[in-house]
Amino acid sequence: MNKNMHYEEQEDLRLGIVTGGSLTRGLDVKLDNTDLIEDVSVGTYVTIAGERHHFLGMITDISLEMVDPMLSINPPDLSNPFLSRVLNGTIIYGKLHILPQLTLSGSAASLLEGPQQVKTIPSHFAMVRQASEQDIARAFGEEDEKHIYIGNPLDMETKVCLDVSRLIERSNGIFGKSGTGKTFLTRILLAEMVQRGNAVNLIFDMHNEYGWMSTSESGYEVKALKQLFPSRVAVFTLDEQSSSRRGVSTDFVVEIGYDEIEPEDISILQETLNITDKGIELVYELHEHYGKKWLDRFLSQSVQETQEELEQRIEVHRGTLQALRRSLSQLKRLHFLVSEARQNSVASLLAYLNRKMNVVLEFGRYRDNILAYVLVANMLTRRIHDSYVRRKEQAMGESADEPVPLIITIEEAHKFLNSSVASQTIFGTIAREMRKYNVTLLVIDQRPGSIDEEVMSQIGTKMSCLLDNEKDIDSVLTGIHGKSDLKVVLSRLETKQQALIFGHAVPMPIVVRVKTYGTPDSYEHYGSITPTRAKLETEDIDDLWG
Amino acid sequence: MGIEMPLKVAEVIEANTTEFTAQCYELYQAPPFGSLVKTSTAPVEIYGIIYNTTTGSIDPGRRPLARGKEESKEEDIYRIHPQFSSLFRTECNVLVVGYNEEGRIHHYLPPHPAHIHSFVYQCSDEEVYQFSQSLDFLSLILASQGKSPVPVEELLAASLRYASRTHPERGEFLITAGRELTLLLSKEVNCLSTILKRIQGE
C-alpha cells in the first residue's frame with residue numbers, strides 16, 4: 001500500500017468493536033462487516049481506542065459467528081447482494097481474537113515514557129482499527145544508533161526496530177526450521193551489531209557463512225561481515241587450506257594443543273565420542289596422573305603402558321581403557337589439534353576482542369563436524385569467559401575498565417545446551433548468569449525443544465522463524481503472556497523471511513517480514529550509521545599488529 | 001392556493017394509546033396498507049400506520065346481500081342502487097407509531113391518545129421521508145404482534161416499501177432498514193427472512 005495513502009485512509013481502517021474478553025484471555029472483537037474477514041490476517045496489529053488509552057494488540061485468531069444456529073440449517077442466499085449487505089455484520093459476523101500488548105496513552109507524561117505494557121483493557125464497544133504506521137513506529141522506535149531495523153510488520157512499511165542496549169543485555173535466540181531464513185536473520189543482526197559497535201561478537205561459524213562470501217539457497221552470492229566491515233571483523237580459521245581455497249583473507253589460523261584440552265572438554269563430548277561414564281571417570285584420573293599432557297601421553301603410548309602406570313593409583317580394566325582410547329582417537333582426525341600449539345589461540349582471540357574487533361571463527365572442512373564444533377567452541381569460550389570474569393571482577397574493584405560486552409554466536413545450540421550437558425558446558429553457565437560478566441549468547445538452533453528448559457527461560461529476546469514441531473513451539477514460547485494465541489501465529493508464518501520476535505528487546509511480540517539482505521542496495525545501508533566509538537579503525541589495528 | 005393542503009381522508013371514531021380506528025369519508029378510499037397517516041390532537045400530531053382496513057354495513061345487524069346476478073358489470077350494481085355508497089362504510093385501523101410536538105418528531109407513543117372526531121390526514125411524501133429518517137418505529141410495529149389479523153411481517157414489509165418510495169436512495173434505505181430489522185429479529189430468523197424477501201428487489 002502506498003504510504004501516503006495509508007495515512008489519509010486511516011479513518012477508513014476501522015475493523016469493528018470490542019465485545020468482550022479479558023486481559024489474560026484476550027479481547028473479542030466483532031467485525032463491522034464480514035467482507036473484511038479475508039483482509040485481516042493473524043499476526044497483524046490493531047489499535048483499540050479506549051476512553052483514556054489507546055491499546056495496541058495482535059490478531060491471534062479469526063472466527064465466523066452467527067447469532068442463531070438455525071441459520072446453519074437454513075443458510076440465507078448471500079449471492080443476493082441485498083441479503084448479503086443486510087445480514088453481514090448483523091446476524092452473521094466475523095470475530096477477531098486480539099491479544100492486547102501495549103498501552104499508548106495520549107497524555108504528555110506517557111508520551112515521554114513511551115508505550116507501556118498493557119495492564120488493563122479497553123471498555124465495552126471500544127473502536128478497533130488496523131494499526132497505522134505511526135502506531136507501530138511509536139511502539140518500536142525509529143532506526144538509529146540505538147535501534148536495529150530488522151524488518152517490517154506484515155502489510156506495512158513501518159520499520160520494526162530492536163533496542164540494541166536491551167538486546168546485548170541478555171542472551172538471545174534465533175530459531176526456526178531448516179531453510180526458513182535463520183542464517184539471513186543472523187547475518188542481518190550481526191551486521192547491524194558490528195556496525196554499531198556497542199558490543200563485540202565472537203561467532204563460531206560452523207558452516208563458513210558469516211565471515212566471507214557464501215551462496216544463498218536461491219543461488220546468488222551474498223557478502224558477509226568481513227567484506228562489509230573489513231576493518232572491524234577478523235576471520236579466524238581452523239582450516240587454512242579451505243579458507244584460502246574460498247579466497248577468504250584470514251587473520252589467524254587457530255591451532256589447539258592437546259595440552260589445552262581438559263577433562264571437562266571431553267565430558268561434554270561424552271555422547272558424541274560415545275564414552276561410557278566409567279570412561280569419563282578415567283579421563284579425570286588420567287588428567288590427575290599425567291597433568292596437562294594427559295591426552296598426548298594417553299594417545300601416544302600403548303594401552304598396556306597406561307594401565308601399568310595407572311595401577312599404582314587405581315584399578316582399571318583394560319577393556320575400559322581400550323574403549324576410551326578408541327573414542328579419543330577420533331580427535332586425531334582433527335588436524336587443528338597439535339601436540340603443542342605454536343601460538344596461544346585464546347590469547348590472540350582475546351587481543352582482537354579487546355580491541356573491539358569482531359571475530360568469526362571458520363571451521364573450514366570441519367563444517368558439520370559436531371565433534372570439532374563442540375570441542376572448539378566450548379574450549380575457547382570457557383577460557384574467554386574466565387578472562388571476562390576476571391576482568392569484570394577487577395572492574396568491580398575499580399582497578400580496570402569494564403570489558404566490552406561480548407556476544408558469542410553458536411549454532412546447533414542444542415548440542416551445548418541440551419538438558420544433559422547444559423549444566424556442564426560453559427554455555428549453560430553463560431546463559432544462566434546472563435549479563436553479569438558482560439558475556440551473552442546468540443543461540444541459533446533448529447530444535448529449540450532440545451535445549452534445556454532453564455536455559456530457554458533465560459533467553460532475553462527470541463526470534464523465531466517457522467516452527468512446526470509441537471515441542472519446539474512450546475519450548476520457544478515458554479513463559480510468554482498469551483502463549484496459546486502466539487502458538488497459532490508462530491505455526492502460520494511463511495516459510496521464508498518471516499519471523500515472530502518477542503522478548504526483552506521489543507516492546508511486544510511482532511511478526512516481521514525480515515528485511516532483505518544480499519542485494520547491492522542492502523549493503524549500501526551499512527556504513528550509514530557510525531559506531532558509538534568510531535575511533536577503533538586504523539589506530540587500533542596498527543596496535544594489533546604492533 | 002400556494003400551500004398544498006394535507007389530504008383529509010378520515011375521522012377518528014375510536015382511540016386508545018396504541019392505536020385508533022378511523023372512518024373514511026369515501027367508501028373504499030382508505031389510505032394504502034402500511035402507509036403513514038396523522039391526526040391532529042392539539043398540541044401534538046399523532047402519526048400512525050394503517051394496519052388493517054375493513055368495509056362493511058353501517059348497521060352491524062344488517063348484512064349486505066348479493067345483488068349482481070342480473071348485471072354484467074360490477075359498477076352497474078352501484079349505479080342502479082346509489083344508496084349503497086351510504087349504507088356501507090370503510091374503516092381503517094391505525095397503529096400509533098409516534099408524534100410530532102412543536103416540529104420535533106418522536107418515534108414513541110404520545111402522552112395522550114387521539115380524540116374522537118379528530119381528522120385523519122394522509123402524510124405527504126416529505127413527511128414520510130422525514131418520519132422515516134429514524135427506524136425506531138419498526139420496534140413499535142413489532143410490539144403490535146398478535147393484535148391485528150394481519151401478520152406483523154406483512155405490515156413491516158409494507159410500511160418499509162411505502163416509506164422507501166420517498167427516499168432518493170431507495171436501495172440504501174431498504175438495506176439500512178433490513179439491518180435494523182435483522183438486529184430486532186435476530187432470534188426469529190424465519191420471520192426475518194419472510195420480511196427480507198418482501199422488501200428486496202424494490
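Worth saying up front: this structure is predicted, and the values here are computed from it rather than measured.

K.L.:
Help me understand the overall build of chain A, please; the structure alone is not making it clear to me.
P.N.:
Scanning chain A from terminus to terminus reveals 24 helices and 23 strands. Counting only contacts in chain A whose residues sit at least 6 apart along the sequence, the fraction spanning at least 24 positions is 71%. When the accessible surface of chain A is totalled, it reaches about 23,500 Å², and 46% of it is carbon and sulfur.

K.L.:
How should I be thinking about the domain arrangement of chain A in this particular structure?
P.N.:
Interfaces are often sized by the accessible area lost when the parts come together. Residues and elements named next belong to chain A. Its domain assignment divides chain A into domain 1 (3-140), domain 2 (169-253 + 342-545) and domain 3 (258-333). Contact with domain 1, which involves 18 residues of that partner, is made by 13 residues of domain 2. A buried area of about 1,200 Å², summed over both sides, lies between domain 1 and domain 2, and 72% of it is on carbon and sulfur atoms. Remark: the boundary between domain 1 and domain 2 carries 2 residue pairs in polar contact (both at pLDDT 80 or more).

K.L.:
Explanation requested: the packing of aromatic side chains in the structure shown.
P.N.:
The relation between two aromatic rings is expressed through the spacing of the ring centres and the mutual angle of the planes. By the definition in use, this model includes 10 aromatic pairs over all chains. Measuring from ring centre to ring centre gives 5.1 Å for Phe236 of chain A and Tyr352 of chain A, while their planes differ by 85 degrees; the resulting arrangement is edge-to-face. Here the residue Phe236 of chain A occupies a position in strand E14 (residues 233-237), and Tyr352 of chain A occupies one in helix H16 (residues 345-354), the gap between them amounting to 116 residues. Among the residues examined, Phe236 of chain A registers a relative accessible area of 1% and is labelled buried. Joined through ring pairs, the aromatic side chains of Tyr28, Tyr78, Phe84 and Phe88 of chain B make up one cluster.

K.L.:
Would you mind going over the side chain of Glu11 of chain B with me for this structure?
P.N.:
All names here are of chain B. On the secondary structure map, Glu11 appears in strand E1 (residues 7-15). Although Glu11 is buried, it forms no salt bridge, and the closest oppositely charged side chain is Lys8 at an N-O distance of 6.4 Å. Dropping the residues within four chain positions of it, Glu11 is found in contact with Thr21, Ala22, Gln23, Tyr25, His117, Ser118, Phe119 and Val120.

K.L.:
So what exactly am I meant to see when it comes to the packing of helix H5 (residues 152-164) of chain B against helix H6 (residues 170-184) of chain B here?
P.N.:
In helix packing, the relevant descriptors are the interaxial angle and the interaxial distance, both defined with respect to the helix axes. All names here are of chain B. One can describe the packing of H5 onto H6 by two numbers: an axis separation of 10 Å at closest approach and a directional angle of 150 degrees. With respect to H6, the axis of H5 lies roughly antiparallel. Every pair of crossing elements has a handedness; the one defined by H5 and H6 is right-handed. Contacts between H5 and H6 involve Leu156, Leu160, Arg161, Ala163 and Ser164 from the first element and Arg170, Phe173, Leu174, Ala177 and Leu181 from the second. Of the residues in the contact of H5 with H6, the class split is 7 nonpolar, 1 polar and 2 charged.

K.L.:
Got a minute to help me understand helix H7 (residues 189-199) of chain B in this structure?
P.N.:
Every α-helical turn comprises 3.6 residues, leaving residues that sit three or four positions apart pointing alike. Within H7 of chain B, burial applies to Val189, Cys191, Leu192, Ile195, Leu196 and Ile199 of chain B. Viewed along the axis of H7 of chain B, the buried residues span an arc of 155 degrees, placing them on a single side of the element. In this fold, the buried residues of H7 of chain B make contact with helix H2 (70-73) and helix H3 (81-87) of chain A together with H5 and H6 of chain B.

K.L.:
What should I look at first to understand the interface of chain B and chain A in this one?
P.N.:
Listed per partner, the contact involves 15 residues of chain B and 16 residues of chain A. Taking both sides of the interface into account, the surface hidden between chain B and chain A amounts to around 1,300 Å²; carbon and sulfur atoms contribute 65%. Scanning the region where chain B abuts chain A turns up 1 salt bridge. Those elements that provide at least two residues to the side of chain B that touches chain A are H6 and H7 of chain B. Counting residues per element, the side of chain B that touches chain A draws most heavily on H6 of chain B, at 7 residues.

The rules behind these values
Residues numbered from 1 in each chain as written. Chains lettered and ligands numbered in written order. Predicted model: local features only at pLDDT ≥ 70, side-chain atom pairs only at ≥ 80, totals over all residues. Heavy atoms only, no water. Helix = DSSP H or I, 4+ residues; strand = E, 2+ residues; numbered from the N terminus. Contact = heavy atoms within 4.5 Å. Areas by Shrake-Rupley, 256 points an atom, 1.4 Å probe, with all protein chains shown as cover. Domains from an automatic or database assignment. Buried area = accessible area lost by both parts, 1.4 Å probe. Polar contact = N/O pair within 3.5 Å; in protein donor to acceptor, adjacent residues only side chain to side chain. Phe/Tyr/Trp six-rings, centres within 6.5 Å; stacked < 30°, edge-to-face > 60°. Buried < 20%, exposed > 50% of the residue type's maximum accessible area, 1.4 Å probe, protein only. Lys, Arg positive; Asp, Glu negative; His and termini not counted. Salt bridge = Lys/Arg side-chain N within 4 Å of Asp/Glu carboxyl O. Axes fitted to C-alpha atoms, helices over the stretch in contact; angles between N-to-C directions. Parallel < 35°, antiparallel > 145°, perpendicular 65-115°, else oblique. Left-handed = near helix turned anticlockwise from the far one by under 90°. Nonpolar A, V, L, I, M, F, W, Y, C, P; charged D, E, K, R; others polar. Arc of directions from axis to C-beta.

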